[in-house]
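Here is how the chains run, residue by residue.
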Amino acid sequence: MLETIELQIDLGVPQISDKEFSLAIGFFDGLHKGHQTVIQRAIDTSKKLGIAPAVMTFNPHPSHLFASGNGKIGYITPLEEKQRILSDMGIDTLFIVTFDQNLADLTPEEFVVQVLKKLNVRHVTAGFDFTFGAKGKGDMEQMTSLSKGVFGTTSVGKVADGDEKISSTRIRKLLADGDVAKTAALLGRPFRSIGIVVDGDKRGRQLGFPTANMIPSEEVIVPQNGVYAVQFTVDGTRYDGVCNIGVKPTFDHPDEARKTIEVNVFDFEGDLYGKQAIVDWIDHIRPEQKFDSIDMLINQIAEDKETAKKILAKKV
Ligand SMILES: Cc1cc2nc3c(=O)[nH]c(=O)nc-3n(C[C@H](O)[C@H](O)[C@H](O)COP(=O)(O)O)c2cc1C
Ligand SMILES: Nc1ncnc2c1ncn2[C@@H]1O[C@H](COP(=O)(O)OP(=O)(O)O)[C@@H](O)[C@H]1O
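Residues numbered from 1 in each chain as written. Chains lettered and ligands numbered in written order. Predicted model: local features only at pLDDT ≥ 70, side-chain atom pairs only at ≥ 80, totals over all residues. Heavy atoms only, no water.

Looking at an unreviewed UniProt entry, the protein chain carries the name Riboflavin biosynthesis protein, with the source organism given as Sporosarcina gallistercoris. Listed in UniProt under the heading Sequence similarities (unreviewed entry), the comment for the protein chain reads: "Belongs to the ribF family." (UniProt positions renumbered as here; feature names shortened; annotations may be inferred.)

Have a look at this one:
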């Protein structure tokens, strides 16, 4: 069971003495293969030292403190999703530090003394380019010297795919391009959106393709508008499906419409309203289009469904 401990600098960091930690530290948005490598190293070290594997992350993303409006990045993995993945990896404790001005103002030395040492950290693992402390001035070399032998450090080298570093920025770009297949390769799992099924215009059934509609939260990112092969999970059961994300230009005025995720779930009949559903994005099929007639849209959706079935049949 993953224990989550929330920390806020102005409220004071508790002195922990009953447990020692091998800590992976970073923002870890996406928990992609690079992050997983860092966290796995922290887990390996925890086993070697016989101490608890832990992760420290920050919330909100630093860009929310420093940037306004458009500069705030959307999350690839919201906190609950991070918790689920870290729990599956076998992490014992997750420290979530509020990223506010008080944290941003700590010098590297203050961060080490007032946060890491108080939490009884015995080993710190981070990526080679991790920086910390006021204005990001501290690096892993400084972390080692500031530890003064109280904890060990491991700096994990670049994890690449092809020649390029696997990074949250790269994944955000791939999602903006609709490349969910490559995203899944870099994440080591499909990109996932979670939401509640809401009422739509009740048009889907008339078209012959009922769709479970979900409105994505503004805090998280979603793939580029278009049609995708997906897996849809509700009440613990996973179904194949075909999804349109967008503003339905055939019907709505695109500037006014709110973006929705709509999934036609294969081999399912029943009521999904109000249920929490998970969409795992498997592959891109085509961009969203404005059709001149409803019949053209219906024919295209039927074809999309067959395409999605073929794609998903290849997946085990
Ligand atoms: C596989 C699939 C592809 C779709 N493609 C488009 C599209 O290209 N353009 C469009 O305007 N609407 C598209 N739609 C959305 C339909 O217009 C929408 O499902 C329908 O309006 C029902 O809306 P409702 O669920 O709010 O009743 C697509 C829906 C599905 C399931
Ligand atoms: N195979 C299915 N795929 C998606 N939704 C389904 C399916 N079968 C039944 N439903 C139900 O029908 C609703 C979608 O029907 P639709 O006519 O598109 O209505 P709405 O416009 O409210 O989304 C879903 O929210 C769900 O409750």
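Moving on from the model shown.
*Asks:* Give me the layout of surface pockets: which residues, what numbers.
*Replies:* Take a probe with the size of a water molecule and roll it over the atoms, and the empty space left behind shows itself. Space inside the largest pocket adds up to approximately 1000 Å³. If you trace the largest pocket, you find 41 residues lining it, with Gly26, Phe27, Asp129, Phe130 and Thr131 closest to the centre. Looking at the lining of the largest pocket, the elements that each hand over two or more residues are α1 (33–49), α2 (62–66), α4 (101–105), β5 (121–127) and α7 (168–176). When residues in the lining of the largest pocket are grouped by element, the largest group, 4 residues, is from α4. When the residues that make up the lining of the largest pocket are grouped by side-chain class, the tally is 20 nonpolar, 14 polar and 7 charged. (1 Å grid on protein atoms, 1.4 Å probe; cavity = no way out; pocket = protein on both sides within 12 Å on 5 of 7 lines; lining within 4 Å. Points joined across faces, edges and corners; volume = space filled by probe spheres on them. Helix = DSSP H or I, 4+ residues; strand = E, 2+ residues; numbered from the N terminus. Nonpolar A, V, L, I, M, F, W, Y, C, P; charged D, E, K, R; others polar.)

*Asks:* Residues and numbers for the site of ligand 2, please.
*Replies:* Near ligand 2 there are 20 residues, and of these Gly200, Lys202, Val265, Leu272 and Tyr273 occur at the shortest range. A distance of 2.9 Å separates a nitrogen atom of ligand 2 from a polar atom in the backbone of phenylalanine 268. In the environment of ligand 2, an oxygen atom lies 2.7 Å from a nitrogen or oxygen atom belonging to the backbone of leucine 272. Protein contacts shield 94% of the accessible area of ligand 2, which totals 560 Å² for the unbound molecule. More than half of the atoms of ligand 2 fall within 2 Å of the grid points belonging to the second largest pocket. Elements supplying a minimum of two residues to the shell around ligand 2: α9 (204–207), β10 (212–214) and β13 (260–265). In terms of residue class, the shell around ligand 2 is made up of 8 nonpolar, 5 polar and 7 charged. (Near = heavy atom within 4 Å. Polar contact = N/O pair within 3.5 Å; in protein donor to acceptor, adjacent residues only side chain to side chain. Areas by Shrake-Rupley, 256 points an atom, 1.4 Å probe, with all protein chains shown as cover. Sits in = over half its atoms within 2 Å of the grid points.)

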